Amino acid sequence: MKFGEFELSIVRECTFKLDGGAMFGVVPKTLWSKLSPADEQNRVEMHCNLLLIETPNAKVLVETGMGDRWTPKEAERYGLKSLTTPAKMLESVGVSNEEIDFVIISHLHFDHVGGATMLKDGKLTPTFPNAKYIVQKGEWEFAYKANARAKASYRFEDFEPLQESGVLQLVDGNYEVTPGVEVRVTGGHTSHHQVVYFESGSEKGVYFADIMPTKSHVSPPWVMGYDHYPLASCDMKNEWLTKASAENWLVVFDHELGTPWGRVRLVDGKKFEFEALPVETLEPKRKTAVV
Ligand SMILES: [Zn+2]
């Protein structure tokens, strides 16, 4: 989809499932299950939606999904269905892994950084060999000192090879990755969780990552039980949604099952409503030739 001078594409890396109660925190199931129906194990289905931002200067990939290094038992637990492999991650949008200049990782949980590395000749190597991987320094440090509640979401083999192979770029706070694409620290989900703000021409947009994973999370108090700082998430959501609705930004959700991008409106001065863009906007600009 055209966005000012940028080209934006969504890459659906996988579908997976997580416990519905954990996805909606203190919101009662009688409310959330109307929007996100649960399966027989109380899990709700989601996507990993990666965002490719092609600017006149650089190709930026936001997030890498779950990847393919999962045992059958783990895949079963997460209801994981891969829709691509790391080696062919961007094939659906006609871009090769080698072409990516920057990979932005919102935080180091396995459903965001799982595809950052892949096995090649028996060794874990960066999936995007020519890219700099942008990670918050505070998030990196936290991953190594996460306590018992937090550490189940971090797998060191997902991100240690990035440092070993010299592609890791740790940034400390808000940072311009390339003209028109910035990471902004929000905290909330984790202490140094970052979102991606992008603008070109008169267009502005934000990839919310896990501070607002699906359209069902648009209401500021609907924050995840997974969040380390849920009250901060609530405040941050309100702040970002206020700006996004006032200036008609494009908003992008990382785990939405339906069309994951659209606009938000403030209705009657108190309630935010999401309206998805037409599904055709997800059609890639150029598809790879079918052989
Ligand atoms: Zn996530």
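This text follows the structure it describes.
Conventions used here
Residues numbered from 1 in each chain as written. Predicted model: local features only at pLDDT ≥ 70, side-chain atom pairs only at ≥ 80, totals over all residues. Heavy atoms only, no water. Donors = N, O, S within 2.8 Å, 3.2 Å for Na, K, Ca; no water. Tetrahedral: all angles 85-135°; square planar, octahedral: opposite > 155°, others 65-115°. Buried < 20%, exposed > 50% of the residue type's maximum accessible area, 1.4 Å probe, protein only. Phe/Tyr/Trp six-rings, centres within 6.5 Å; stacked < 30°, edge-to-face > 60°. Lys NZ or Arg CZ within 6 Å of the ring centre and 35° of its normal. Helix = DSSP H or I, 4+ residues; strand = E, 2+ residues; numbered from the N terminus. Contact = heavy atoms within 4.5 Å. Polar contact = N/O pair within 3.5 Å; in protein donor to acceptor, adjacent residues only side chain to side chain.

Student: Report on the coordination of the zinc ion, specifying residues and quantitative values.
Tutor: Listed as protein donors to the zinc ion are Asp111 (OD), His112 (NE2), Asp210 (OD) and His255 (NE2); their distances from the metal cover 2.0 to 2.3 Å. Bound by four donor atoms, the zinc ion shows angles of 83 to 153 degrees at the metal and therefore irregular coordination geometry. We note that the donor set of the zinc ion lies within a single chain, spaced as D-H-x97-D-x44-H. Overall, the relative accessible area of 8% leaves Asp111 in the buried class.

Student: Outline the packing of aromatic side chains, listing residues and values.
Tutor: When we look at a pair of aromatic rings, we describe it by the centre distance and by the angle of the planes. For the structure shown, the criterion picks out 17 aromatic pairs. Among the aromatic side chains, those forming a connected cluster through ring pairs are Trp140, Tyr144, Phe156 and Phe159. Positioned over the ring face of Tyr197 is Arg184, at 4.7 Å from the centre of the ring. Taking NZ or CZ as reference, Lys243 lies 4.4 Å from the ring centre of Trp240, over its face.

Student: Outline the environment of Tyr175, listing residues and values.
Tutor: When you line up the elements, Tyr175 lands in strand S11 (residues 175-178). A relative accessible area of 31% places Tyr175 in the partly exposed class. Sequence-distant contacts of Tyr175, that is, excluding residues within four places in its chain, are made with Ile134, Gln169, Val181, Glu182 and Val183. There is a polar contact of 2.8 Å between the side chain of Tyr175 and the side chain of Gln169.

By themselves these figures say nothing about function.
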